[in-house]
Every structure is written in structure tokens, then in C-alpha cells.
Amino acid sequence: MNLAFRYSYFGDRFFGSQTQPLLRTVEGELVAACRRLCLFDDWREANFVTAGRTDRGVHARGQVCSFLTDKQDRAVEALNQVLPADIWCTAWASVPDGFHPRYSAVSRTYRYYFLAPGNTVAMHEAAQEFLGRHDFSTFARVGDRNPERKILAARVFEDGPFAIFEVTGESFLWNMVRCMATALERVGRGEADAGKIARLLAGPPEQRVPAAPPEGLVLWDIGYEISFTPLPIGEKSRRYLADRHRHHALMAEISARLAPEGRCPDTSPI
């Protein structure tokens, strides 16, 4: 049976999502958990694949993998129990043999989180320049790939102390969302405007816009024409999430207290 799992993870303690020898990766931990449960012996024979790669430090809310196994019940009931606390499955589906997490996807959505970004109205207006099909050579590491990509939706909105850049596309190039985030952050600071982004998209490729730091990026969702059944988060991961929240709230307060009197820590993401 071909099973698909939607899963989440914090990316800061992994050397990216793709398997690498002798390094801790998201795929490596998933394969190890599956083997521990005897869901398969060889990941290649089980056709274990994921929807795509994320760089070191990038997080995911809706990454997807699939693999072949004859132990569906064990996979659904026990995978969250053996995964490390910083990875947890949120849904599963029984999928056709022709399903592929990458090639069967109809859309991908990312979110980039800015702290104290500036003019979010201007950022939202500038983000609309990304809509449609464009050559993103200036906004990505293209290599030998087709630089054209189609963006289906883009917005910037505020949520508490953050501004969030949410973008949905058919597919993305390496570092593309992080480079787009850098351009929008410059708009928020008043260093660029929507016209600048339009010119970068329309004109000949210029020097590539640098990528924003990875810790602000989240692979938010991947769209498919199939239905997933929700899974409860395991108690191990639930405690881990609560502990991380407490730790970072405490460190934010301590950082503010330790800052030189009358000065605030630099919160710019770029």
C-alpha cells in the first residue's frame, strides 16, 4: 500500500531536509523511524520520497512524504511515537500507486515571518508584482533550471508583532521565497518600492537579491487533489513545542533586559 504523510518540523537542528551521510536530516530521521517500526527495510525499494527539500534552518508545517508498506495500521498508529520530538506527523492518506509527493502537488505555500518590518501596506502592494508567470533569475539560485515560475497568490499581513509574507505558487526555485522576502523587507524599510520589484522581474537578470535568513521561513502547505485524515500530535512533540515556546519567550525577555540602557536589540531580519 502506498501511504502519504503530512508532517511538521523545526529546521534549526537539522542539516536540511535531504538525507546526507553522517548528518542529522529530516529525511534521515523519518527513514530511521520507519525502519525501526519495520515498515520497510530499504527506503529505495519502498520508494520513499518527499515533496521537496528545505534548507538548513527552514521549518515546515505541511511537508509531505510517501512510501510503500504492508503495515498501514502500524504506520498510522505508531510513527509519531518513534519520531524525534522535533518532527511530528499531522495527517495521512492512502494514495494511488502513481502518486508522487513532488509531481502530484498542484501548489505550494510558504510563509516568511518578519519582526518589526516597517510599512506592511507597502510590502503587500509590492508583493502583488510577483503574481503571474515571471523570470525569477534575480530572485533565486537558478543553476541550469528554467527560471520561470508562476505565482498564484501573494500577500503581506500583520499578526501580533510580526508581518507575514505568504506566497503560493505552482513551484519554487532554490532560495526563491527568501530572496523575495529580502526585496519586500527593503520595501518595508523605504529602500525600494513596487516599481523596483517590477523592474527586477521584467528587465534582464541583475545581481541576485540576497536570501533572507532561513529561520523566518516556513513551508506552510502543499496542495493535492486528495484528502488527508488528521493525526493527533504525540505527547512527546506536544511537550517539546511547549518547552520551546517557554524557552524563547524567556530568552526574548532576558535579551531585552541585557540590552544597553535606552537601546533595543536589532530586530531586523536582514
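Residues numbered from 1 in each chain as written. Predicted model: local features only at pLDDT ≥ 70, side-chain atom pairs only at ≥ 80, totals over all residues. Heavy atoms only, no water.

Regarding the pairing of strand S7 (residues 148-159)
On a regular strand, one side chain projects to one face of the sheet and the next to the other, so that they alternate. Sheet topology note: the strand S6 (residues 132-135)/S7 ladder contains four bridges and is antiparallel. Across the sheet, residue histidine 134 finds its bridge partner in S7, namely arginine 149. As defined by bridge partners, S7 adjoins strand S8 (residues 162-169) across eight bridges and the pair is classed as antiparallel. Note that in S8 the partner of alanine 153 across the bridge is threonine 168. Hairpin connection, S7 to S8: the antiparallel pair is bridged by two residues, and glycine 160 has positive phi, about 65°. (Pairing = 2+ DSSP bridges. Helix = DSSP H or I, 4+ residues; strand = E, 2+ residues; numbered from the N terminus.)

Observations concerning the side chain of arginine 108
Looking at the element boundaries, arginine 108 is found in strand S5 (residues 107-115). Buried within the structure, arginine 108 lacks any salt-bridge partner; its nearest side chain of opposite charge belongs to glutamate 170, at an N-O separation of 8.8 Å. A polar contact is formed between the side chain of arginine 108 and the backbone oxygen of arginine 102, at a distance of 3.0 Å. Residues in contact with arginine 108, not counting those within four places in the same chain, are Ala51, Pro101, Arg102, Val167, Thr168, Gly169, Glu170, Ser171, Phe172, Asp221 and Ile222. (Buried < 20%, exposed > 50% of the residue type's maximum accessible area, 1.4 Å probe, protein only. Lys, Arg positive; Asp, Glu negative; His and termini not counted. Salt bridge = Lys/Arg side-chain N within 4 Å of Asp/Glu carboxyl O. Polar contact = N/O pair within 3.5 Å; in protein donor to acceptor, adjacent residues only side chain to side chain. Contact = heavy atoms within 4.5 Å.)

Some points on a nonpolar patch on the surface
Residues Leu250, Met251, Ile254 and Leu258 make up a contiguous nonpolar surface patch of about 380 Å² in total accessible area. Here leucine 250 lies in helix H6 (residues 235-258). (Patch = residues over 30% accessible without salt bridge, like charges linked within 9 Å, V, L, I, M, F, W, Y side chains within 5 Å. Areas by Shrake-Rupley, 256 points an atom, 1.4 Å probe, with all protein chains shown as cover.)

Overview of the nonpolar core
In this structure, Phe5, Leu79, Phe139 and Phe165 are the most contacted members of the largest nonpolar core, which totals 74 residues. Ranked by residues supplied to this core, first place goes to helix H4 (residues 176-188) with eight residues. (Core = buried A, V, L, I, M, F, W, Y, C linked by side-chain atoms within 4.5 Å.)

Looking at the confidence of the model for the protein chain
For the protein chain, per-residue confidence averages 93 on the pLDDT scale, and 96% of positions sit at 70 or higher. Ranking the elements of the protein chain by mean pLDDT puts helix H5 (residues 194-202) last, at 93, and strand S9 (residues 217-223) first, at 98. (pLDDT = per-residue confidence, 0-100.)

Regarding helix H2 (residues 72-82)
The complete set of buried residues in H2 reads Ala75, Val76, Ala78, Leu79, Asn80 and Val82. For H2, the secondary structure elements touched by its buried residues are strand S1 (2-9), helix H1 (26-36), strand S4 (87-94) and H6.

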